Number of protein chains: 4
Amino acid sequence: MVGGGLTSFIGPVHRKAAGIDGEIELVAGAFSIIPGESKETGEALYLDPKRVYETYDEMFANEKKMPEDKRIDFVSVVTPNHVHFGPSKAALENGFHVLVEKPIAFSLDEAKTLREIVNKTGLILGLTHTYTGYPLVKEARKMVSEGKLGEIRKVYVEYPQGWLSTLLEKSGNMQASWRTDPKQSGMGGAIGDIGTHAANLAEYITGQKITEICALLNTVVKGRHLDDDSSMLIKFENGASGVLLATQVAAGEENNLNIRVYGEKGGIEWRQMEPNTMIVKWLGKPMEVIRAGQAYLSDEAKAFTRTPAGHPEGYLEAFANIYRAFTKAVRAYQPGKKTDYEKFDFPDVEDGVRGMNFVQTVVQSATSDKKWTPMKDV
Amino acid sequence: MVGGGLTSFIGPVHRKAAGIDGEIELVAGAFSIIPGESKETGEALYLDPKRVYETYDEMFANEKKMPEDKRIDFVSVVTPNHVHFGPSKAALENGFHVLVEKPIAFSLDEAKTLREIVNKTGLILGLTHTYTGYPLVKEARKMVSEGKLGEIRKVYVEYPQGWLSTLLEKSGNMQASWRTDPKQSGMGGAIGDIGTHAANLAEYITGQKITEICALLNTVVKGRHLDDDSSMLIKFENGASGVLLATQVAAGEENNLNIRVYGEKGGIEWRQMEPNTMIVKWLGKPMEVIRAGQAYLSDEAKAFTRTPAGHPEGYLEAFANIYRAFTKAVRAYQPGKKTDYEKFDFPDVEDGVRGMNFVQTVVQSATSDKKWTPMKDV
Amino acid sequence: MVGGGLTSFIGPVHRKAAGIDGEIELVAGAFSIIPGESKETGEALYLDPKRVYETYDEMFANEKKMPEDKRIDFVSVVTPNHVHFGPSKAALENGFHVLVEKPIAFSLDEAKTLREIVNKTGLILGLTHTYTGYPLVKEARKMVSEGKLGEIRKVYVEYPQGWLSTLLEKSGNMQASWRTDPKQSGMGGAIGDIGTHAANLAEYITGQKITEICALLNTVVKGRHLDDDSSMLIKFENGASGVLLATQVAAGEENNLNIRVYGEKGGIEWRQMEPNTMIVKWLGKPMEVIRAGQAYLSDEAKAFTRTPAGHPEGYLEAFANIYRAFTKAVRAYQPGKKTDYEKFDFPDVEDGVRGMNFVQTVVQSATSDKKWTPMKDV
Amino acid sequence: MVGGGLTSFIGPVHRKAAGIDGEIELVAGAFSIIPGESKETGEALYLDPKRVYETYDEMFANEKKMPEDKRIDFVSVVTPNHVHFGPSKAALENGFHVLVEKPIAFSLDEAKTLREIVNKTGLILGLTHTYTGYPLVKEARKMVSEGKLGEIRKVYVEYPQGWLSTLLEKSGNMQASWRTDPKQSGMGGAIGDIGTHAANLAEYITGQKITEICALLNTVVKGRHLDDDSSMLIKFENGASGVLLATQVAAGEENNLNIRVYGEKGGIEWRQMEPNTMIVKWLGKPMEVIRAGQAYLSDEAKAFTRTPAGHPEGYLEAFANIYRAFTKAVRAYQPGKKTDYEKFDFPDVEDGVRGMNFVQTVVQSATSDKKWTPMKDV
């Protein structure tokens, strides 16, 4: 693991998610650039002190020398955005697979560089777009791909949060502070932090790419250095259209990612905060309520549940699903052979590049007087 | 009453709403242009046959001649959109107050003409923007105006329906048929029919006017002659921004008007389909659930309920609230004195003009390449 | 109308409910025993002063003398419980149909007397068990009777309110004061006031009679003279069993009548406070959400809606449904011919007798050490 | 671990729950009495084959000989009910702490024997009454104990499931088959399997013991050998009363454990299937919605969350909370010193005895003609 020291938010989430299924063991880490914190973290995690490193370069160099059945199998990169690229690149170049926090990098160029390395080496890079790990998101994707809703016409995806309603970054909150700092977070604030999740979710469920964007980006809280609010009209490749909004100033909202997709015959509605329930609305028939863990779900959804219906799973399990799919791919990896990402079903380097592309397109649209800005393939 | 024959949808709604409080008695009508239907309707409604007319001109002429305590006090105009202007104008010119279905007219110019007549005569014109009649909408407006949410930052208002997901107008459905006919409905389809309700609701609750619009209008169902789907980014005079969407092709949706308004301190969420419940989200405090009929509500909200909490009121009662407020103004009317619309709290001719202005601005924006189209005062 | 003076709660509810459909006109009343209040009420309701009476005896005597097409067609009795019997009996004996507030009388004996008179005269007596007037309650009854849920096994019916959590009757609240006074309310407090609604709803939906009761009655608030809380185990004639609870001390509850019925294949859940939605749970299939106003409903349910799906109806409309069905029966009434109550579908004198029987059985069970007390046909 | 072979339902749940926090490592097990299954399970779990045993006696004997820092610290017993007592007793007698599945034993006598051994040895025994592990259940308990609701008056606790609506035990379903077999499950079917959870939850939240029970036990599905349905009236030591129901034939229900508790000032409502939300109803004030992970919660609740508000936690996390609290007690254990169970807050041997007492009292009440059966301290 790179990053994830004792004060980290996402580090423990990764460790818990990786621990659920008993298939992954954390054995080494460069947890922090704060002197001593890496060591301290390693102790708290019962790690062998010899495998707790001060820098990721040191870790890769050392681990590489160890016998294959002892050394790390892959690296989790859980640092702030501006330190995603460095360790990911170094890991790949040293022959290690990588699971990296979203966004994949600080800029689209960095993302494209990582894609090149992945394509060249054949190594596996996964990205923790957690929300596509939920079983009912899999079910939604399946329903759309099977045409149960008919041709998709409308997509409304929202990610409202409220925690940045005040200038929290000035009060010592570390999570707020790096996320609102363009040097650590990148060119996008809310749009990068959570807007990318919304875009990824919409494209994942519909199987349609966003092709045009008309965006409004705001910095609502005075004194902030990045956008904390966004809304946009979007068009998809099949002609569907919709709305995407991502805001961190919707006071009182927690983490209310939700999506509604309507086709000719009906629509679905899914909310991350009650992730085990999906509403399906039908033209002229009673609404249905689909529940995680039920026998009537598709195999795709069932493969990602651990408990029977009525025993709720949550965020950590969705996160664990990304880990589970990624590590299955890692286990199946054979040097020189191409990995079938579709089969393992986890966000990969292409999603990473697309996310950076999305942020760049939104920022471009937001500063343009023209209504529509195309989101081109890169 | 003008319009509202036996096959009408909205006519009976008006009659039932007007009947609830026992303060209004239907005594005369020109119910239909279909020969004989007016008479038949009058019979079904137990009216004196002498006061059932074939045309509204005949009605106004005749009623005017009757003694003041016998003749009609006001006229309800419940015809399709293109027949709102004529009878409303005629009624006013014959000295009768008017309660007209929304939209007030077929075009902005007609609306402005009605405003001129109202201003000149001092007669009262009410508009059935039903949804602002709900008590919790009053409560929401009150909370905002008292600053309970702090300065308003975000407004999301949606009006998804699904009933026009197919080409229903070709199957003999009368409601679908005039609503999708530019000659009867006007320049806006969904945007005029339901988008105006959404805009009116947003401005009513926030007390802020929409100043700029960036709209996408679609005709999703092939063969249709007007828009059936819209989404737009909107800006308000105080700097708030948001999203408005109105669609009639969200398959499986009924009449799901809803609004979320966020200020610095918290946000409210109200849904027309469960109108007796409003959620209030607070920054750092538990969410609250406000319920219609409760003693803790403001006087403004309490004035518009008939039953105690837990005895649900609905659409007809909201409609009746418009009637009740309008008729209070009518009773208080004194020739030559100005009516204090704010005090009686019902949608009036200004709302009517504003609605037509909104439709015109949206259509203009939708056909423009420029991102923002101003919505100017007219 | 008998009762329903200016300070009455239920009087205005009756008048509004009767006014919605434009089929009933209030023309006469003995509104209060408080001298002058009847007159005052009549004025407020725009009645002909000659038809506003000080006593119901006076009213019946006078109205009877009027020509048939002028005099009242039926009487609504909306007094406190101990004054249901007198005016109902007098009305019937004077040849008027009666719609009486629930409970039908003060005691089972009185109820049986009314039944005798009804049976003898053939006149129509309706009872405002309002909650069976909701369209989705009709739908539920239909689903059960058609066997869609299979044989019924479990019935859970609850009526929690919280408004009597304190000794409200000592603070001048008139509603609380007569309801907790055994001389005005009868032998049952909460059990009579709301428990009877719950029992009626359960029997109406399931089509099964309660045959045995094991009850606990409490007076939770000190100083109160009647029960304010009850819970009981119940058995039905087909072998199903369940729980009925009715309490007025569930602090914070409004009027939360709800029922769940499970059969071999699935179950339904309906809540009065959101009456336009019914959840249907199925063994091994997705839950369904049935909505009032939808085209897919049974004719029985559709006959009792006024607005399309998504335009919520509420308590007054349910109330109006009782009036509508009752007045249809009144219109169809032919002296000497038996009324087919099943066809018109409103609560009648048998429901009234059964309600009194229920109260008496519960009180008997509550004072018994034996587990089960039979509820015998009377 | 004793039990939890490859076909087990609850074994993997224990392993995942124990794995989440990275504080527990599974190192040894006697996973099955089916020859070979233990070995196979051990392999699948990457265990050292030397520590995978055929019997628990063998495991305890062997592990005991290992050095203290290598050998197991505690044992999880995850076998069917009739094999809880044996391994638990053996573990304690060999000096190992025990975390045992609920119910603690097959009979009240066995439970009391275990209590004696625990009291004598001072070793720690935990019981996985999972549902009290949810953070909002902790919050509810705290609110009640602080008197926020006032004196408790009413308790309604329900545990409806539907999975045994048919004679599933005859179709090869292993979970159904042992649970409905009196020889493996004990004297209680649904009442033991899930009724005990409901009773435990009610007593945990209210801090009040059930003192009297009036129960109806049914075997609804023909051919079944144990009760599959129950409902009962209950009284608590402080005078509160209520209803407990536990059924496995509520067709269409998943695992819908829920509880409502009302005091003088307000009430709470919590549902296991949406465990991160608790509704608090107040007399005369707006309802509040309390959410897991929020900063405004009590320390007691916060101590049991892993993710911020809006990132849902579920069943596995609640389960992990039992493990976490139990292992904290195990770490703090000092031979000869008494463990302060209140401080660590997990279900212990007393809860186990009480659960068996509850089952026995319910069965006794169900077969009695008398209304009330006391639940005596044992």
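Residues numbered from 1 in each chain as written. Chains lettered and ligands numbered in written order. Predicted model: local features only at pLDDT ≥ 70, side-chain atom pairs only at ≥ 80, totals over all residues. Heavy atoms only, no water.

Draft legend 1. Spotlight on the sheet that holds strand β2 (residues 97–100) of chain B. All names here are of chain B. A sheet is described by the order of its strands in space; here 3 strands give the open sequence β1-β2-β3, paired in parallel fashion. Since the sheet does not close on itself, it has two edges, and those belong to β1 (74–77) and β3 (125–127), each with one partner. Put simply, the sheet's adjacent strands are angled 15° from each other on average, direction ignored. Taken together, the 4 bridges between β1 and β2 define a ladder with parallel strand orientation. Bridging from a neighbouring strand, Val77 pairs with Val100 of β2. (Pairing = 2+ DSSP bridges. Helix = DSSP H or I, 4+ residues; strand = E, 2+ residues; numbered from the N terminus. Axes fitted to C-alpha atoms, helices over the stretch in contact; angles between N-to-C directions.)

Draft legend 2. Layout of the pairing of strand β4 (residues 152–160) of chain C. All names here are of chain C. Most of β4 sits inside the fold, with 9 of its 9 residues counted as buried. Pairing of β4 with strand β8 (residues 258–263), which is carried by 6 bridges, proceeds in the antiparallel orientation. Looking at the pairing, Val157 lines up with Ile259 of β8. Sheet analysis places β4 next to strand β7 (residues 241–247), joined by 7 bridges and oriented parallel. Its bridge partner lying in β7, Lys154 is registered against Ser241. (Buried < 20%, exposed > 50% of the residue type's maximum accessible area, 1.4 Å probe, protein only.)

Draft legend 3. Just helix α6 (residues 135–145) of chain C, in detail. Among the 11 residues that make up α6(C), 8 are buried, leaving the element largely enclosed by the rest of the structure. Within the span of α6(C), buried status applies to C:Pro135, C:Leu136, C:Val137, C:Lys138, C:Glu139, C:Ala140, C:Met143 and C:Val144.

Draft legend 4. Representation of the packing of helix α5 (residues 108–121) of chain A against helix α13 (residues 349–366) of chain A within the structure. Residue and element names in this part refer to chain A. At a minimum axis distance of 9 Å, the contact between α5 and α13 shows a crossing angle of 165°. The angle between α5 and α13 places the two elements in the roughly antiparallel class. When you trace α5 past α13, the crossing you get is left-handed. When α5 is examined against α13, the residues Leu108, Ala111, Lys112, Leu114, Arg115 and Val118 are found in contact with a partner set consisting of Val349, Glu350, Gly352, Val353, Met356, Asn357 and Gln360. (Parallel < 35°, antiparallel > 145°, perpendicular 65-115°, else oblique. Left-handed = near helix turned anticlockwise from the far one by under 90°. Contact = heavy atoms within 4.5 Å.)

Draft legend 5. A look at the packing of aromatic side chains. Residue and element names in this part refer to chain A. Inspection of every chain in the model, using the stated rule, returns 52 aromatic pairs over all chains. Clustering of aromatic rings is evident, with ring pairs tying together Phe74, Tyr131, Tyr134, Tyr159, Trp270, Tyr315, Phe319, Tyr323, Phe326, Tyr341 and Phe346. Just above the ring of Tyr204 sits the side chain of Arg141; from NZ or CZ to the centre is 4.3 Å. (Phe/Tyr/Trp six-rings, centres within 6.5 Å; stacked < 30°, edge-to-face > 60°. Lys NZ or Arg CZ within 6 Å of the ring centre and 35° of its normal.)

Draft legend 6. Inspection of the sheet that holds strand β1 (residues 74–77) of chain A at higher detail. All names here are of chain A. Strand order in the open sheet formed by 3 strands is β1-β2-β3, and the pairing between neighbours is parallel. The open sheet is flanked by β1 and β3 (125–127), the only strands paired with a single partner. Shown here is a sheet whose adjacent strand axes are inclined to one another by a mean of 15°, direction ignored. Along the sheet, helix α4 (residues 85–93) makes contact with β1, β2 (97–100) and β3, crossing β2 at roughly 160°.

Draft legend 7. Main features of the relation of the copies chain C and chain B. Overlaying chain C with chain B gives an RMSD of 0.0 Å, the required rotation being 180° about an axis along which the chain moves by 0.0 Å. Interpreted geometrically, this transformation is the action of a two-fold axis. Interface overlap between copies is the fraction of interface residues in one copy that are interface residues in the other; for chain C against chain B it reaches 97%, indicating a shared surface. (Least-squares fit on C-alpha atoms with pLDDT ≥ 70 in both.)

Draft legend 8. Focus on the interface of chain C and chain B. Taken together, the contacts link 32 residues of chain C with 31 residues of chain B. Summed over the three residues of chain C that lose the most area to chain B, namely C:Lys16, C:Glu254 and C:Pro312, the buried surface amounts to 21% of that side. Viewed at the interface, chain B and chain C are joined by 4 salt bridges. Between B:Glu254 and C:Arg291 there is a salt bridge whose closest N-O contact spans 2.8 Å. On the surface where chain C and chain B come into contact, there are 17 residue pairs in polar contact (both at pLDDT 80 or more). Elements represented by at least two residues in the side of chain C that touches chain B include exactly α1 (10–20) and α11 (315–332) of chain C. Tallied by class, the residues present in the side of chain C that touches chain B amount to 12 nonpolar, 10 polar and 10 charged. (Buried area = accessible area lost by both parts, 1.4 Å probe. Salt bridge = Lys/Arg side-chain N within 4 Å of Asp/Glu carboxyl O. Polar contact = N/O pair within 3.5 Å; in protein donor to acceptor, adjacent residues only side chain to side chain. Nonpolar A, V, L, I, M, F, W, Y, C, P; charged D, E, K, R; others polar.)

Draft legend 9. Region of the structure containing the side chain of C:Thr277. Positionally, C:Thr277 belongs in strand β10 (residues 277–282). Once residues within four sequence positions are removed from consideration, C:Thr277 is found in contact with B:Glu274, C:Leu136, C:Trp270, C:Val289, C:Ile290 and C:Arg291.

Draft legend 10. View of the relation of the copies chain A and chain B. Once turned by 180° and shifted 0.0 Å along the axis, chain A lies on chain B with an RMSD of 0.0 Å. Here 100% of the interface residues in chain A have copies in chain B that are interface residues too; the copies meet face to matching face.

Draft legend 11. Just the pattern of salt bridges, in detail. One pass over the full model with this rule turns up 116 salt bridges over all chains. Residue A:Arg271 pairs with A:Glu269 through a salt bridge whose shortest N-O separation is 3.2 Å. You can call A:Glu269 buried: its relative accessible area is 15%. Linking C:Glu253 and D:Lys281 is a salt bridge whose minimum nitrogen-to-oxygen distance equals 2.7 Å. You can see C:Glu253 sitting in the loop between β7 and β8 and its partner D:Lys281 sitting in strand β10 (residues 277–282), one on each of two chains. Across this residue pair, the class does not change: C:Glu253 and D:Lys281 are buried.

Draft legend 12. Summary view of the interface of chain A and chain B. Contact with chain A, which involves 47 residues of that partner, is made by 47 residues of chain B. Taken together, both faces of the contact between chain A and chain B bury some 3,200 Å²; the carbon and sulfur share is 56%. Of all residues in chain A, the largest losses of buried area upon contact with chain B belong to A:Arg153, A:Ala251 and A:Lys371, amounting jointly to 19% of the total for that side. Counting across the chain A and chain B interface gives 6 salt bridges. The tally of links from chain A across to chain B stands at 20 residue pairs in polar contact (both at pLDDT 80 or more). Of all elements in the fold, only β4 (152–160), β5 (210–218), β6 (229–236), β7 (241–247), β8 (258–263), β9 (266–271), β10 (277–282) and α13 of chain A reach the threshold of two or more residues within the side of chain A that touches chain B. A per-class count over the side of chain A that touches chain B returns 18 nonpolar, 15 polar and 14 charged.

Draft legend 13. View of the pairing of strand β1 (residues 74–77) of chain C. Residues C:Phe74 and C:Ser76 of β1(C) are buried on one face, and the alternating residues C:Val75 and C:Val77, pointing to the opposite face, are buried as well. With respect to chirality, the unit in which β1(C) leads through helix α4 (residues 85–93) of chain C into the neighbouring parallel strand β2 (residues 97–100) of chain C is right-handed. (Right-handed = clockwise from strand over helix to strand, strands pointing away.)

Draft legend 14. Up close: the environment of B:Val83. Locating B:Val83 in the fold gives a position in the loop between β1 and α4 (85–93). Separated by 102 residues in sequence, B:Val83 and B:Ser185 place their C-alpha atoms 9.5 Å apart.

Draft legend 15. Just the side chain of D:Asn256, in detail. Its place among the elements puts D:Asn256 in the loop between β7 (241–247) and β8 (258–263). Beyond its immediate chain neighbours, meaning those up to four positions away, D:Asn256 contacts C:Lys281, D:Glu158, D:Tyr159, D:Pro160, D:Arg271 and D:Met273.

Draft legend 16. Quick look at the state of the cysteines. Summed over all chains, the structure comprises 0 disulfides over all chains. Considering cysteine sulfurs only, B:Cys214 is the nearest to A:Cys214, which forms no disulfide, with 3.2 Å between them. On the basis of relative accessible area, A:Cys214 is assigned to the buried category, the value being 0%. (Disulfide = S-S within 2.5 Å.)

Draft legend 17. Examining unusual backbone geometry more closely. Here A:Lys102 and A:Pro103 are connected by a cis peptide whose omega angle stands at -5°. Structurally, A:Pro103 can be placed in the loop between β2 and α5. With a phi close to 60°, D:Tyr46 is a non-glycine residue in the positive phi region. In this fold, D:Tyr46 is placed in the loop between α2 (37–44) and α3 (56–65).

Draft legend 18. View of the packing of helix α9 (residues 190–206) of chain B against helix α13 (residues 349–366) of chain B. All names here are of chain B. At their nearest, the axes of α9 and α13 sit 9 Å apart, and the two run at 120° to each other. Viewed along their axes, α9 and α13 form a crossing whose handedness is right-handed. Contact residues: α9 offers Ile191, Gly192, Gly195, Thr196, Ala199, Asn200 and Glu203, while α13 offers Asp351, Arg354, Gly355, Phe358, Val359 and Val362. Broken down by class, the residue content of the contact of α9 with α13 amounts to 5 nonpolar, 5 polar and 3 charged.

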